[in-house]
Amino acid sequence: MLLRCGCFTVNGKTCHYLECSKEQIGYTQWCSCLSSSGYCEPTLSNEIGTGYANTQAILNHPNHASATASNCAAKACAEYKTDTTTAGEWFLPSNNETAIINKGVTITSNENLWMSAASRDGDNSKARYGRISSNGFSSYDSQRNILRYFRAVRAF
């Protein structure tokens, strides 16, 4: 699904569109990153055009060295590919990118999807997820170890 989003920059490139995976690509935790000093919190943004950088920040955090596609939604998105795209083009969307997705997805039931967004209340043990439904988009905080679905997004 292609969604025109105006002009924004992703990884140094000017982009106008977001493409969302047709279906949910996995079901796992956000990304476990418990360290001896507590939960890690890379700097994450909610804006359009920041999902790629958020995903890279999650994956490059020292506490995520053991992240795999089966225990980290960001890693699964970064490894996602299709017949016409390659791994590395896709990412876990930010809050505002997920809100845009809601406008283009045909909803048959509510989807609770992980996002690459920081907790609204600053609790480092939590991350954001979005509820996409026929009634609109809402976002919430959740413990990072809860299993949720997610979709991959790419920008061009």
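Residues numbered from 1 in each chain as written. Predicted model: local features only at pLDDT ≥ 70, side-chain atom pairs only at ≥ 80, totals over all residues. Heavy atoms only, no water.

## Topic: the environment of Glu-19
Mapping Glu-19 onto the fold places it in strand β2 (residues 13–20). On the basis of relative accessible area, Glu-19 is assigned to the buried category, the value being 19%. Taking the C-alpha atoms as reference, Glu-19 lies 8.5 Å from Ile-101; in sequence the two are 82 residues apart. (Helix = DSSP H or I, 4+ residues; strand = E, 2+ residues; numbered from the N terminus. Buried < 20%, exposed > 50% of the residue type's maximum accessible area, 1.4 Å probe, protein only.)

## Quick notes on helix α1 (residues 51–60)
Within α1 the residues assigned to the buried category are Gly-51, Tyr-52, Asn-54, Thr-55, Ile-58 and Leu-59. Along the axis of α1, the buried residues cluster in a sector spanning 160°; they form a single face. (Arc of directions from axis to C-beta.)

## Some remarks on the state of the cysteines
Evaluated as defined, the whole model comprises one disulfide. Residue Cys-31 pairs covalently with Cys-72 via a disulfide, S to S 2.3 Å. Handedness of the Cys-31-Cys-72 disulfide follows from its S-S torsion of about -105°: it is left-handed. Placement of the pair is Cys-31 in the loop between β3 (26–28) and β4 (34–35) and Cys-72 in the loop between α1 and α2 (73–79), with a sequence separation of 41 residues. (Disulfide = S-S within 2.5 Å.)

## Topic: the pattern of salt bridges
Scanning all chains against the criterion turns up four salt bridges. In this structure, the salt-bridge partner of Arg-154 is Glu-89, at a minimum N-O distance of 2.9 Å. Remark: Glu-89 occurs in the loop between α2 and α3 (95–104) and Arg-154 occurs in strand β10 (residues 153–155); sequence separation between them is 65 residues. Assessed through its relative accessible area of 16%, Arg-154 is described here as buried. Asp-141 is paired through a salt bridge with Arg-128; the nearest N and O atoms lie 2.5 Å apart. Taken as a pair, Asp-141 in strand β8 (residues 136–143) and Arg-128 in strand β7 (residues 126–133) lie far apart in primary sequence, 13 residues in all. In this structure Arg-128 comes out as buried when scored by relative accessible area, which is 3%. Connected via shared salt-bridge partners are Glu-19, Glu-89 and Arg-154. (Salt bridge = Lys/Arg side-chain N within 4 Å of Asp/Glu carboxyl O.)

Remember that the coordinates give geometry; whether it matters functionally is a separate question.
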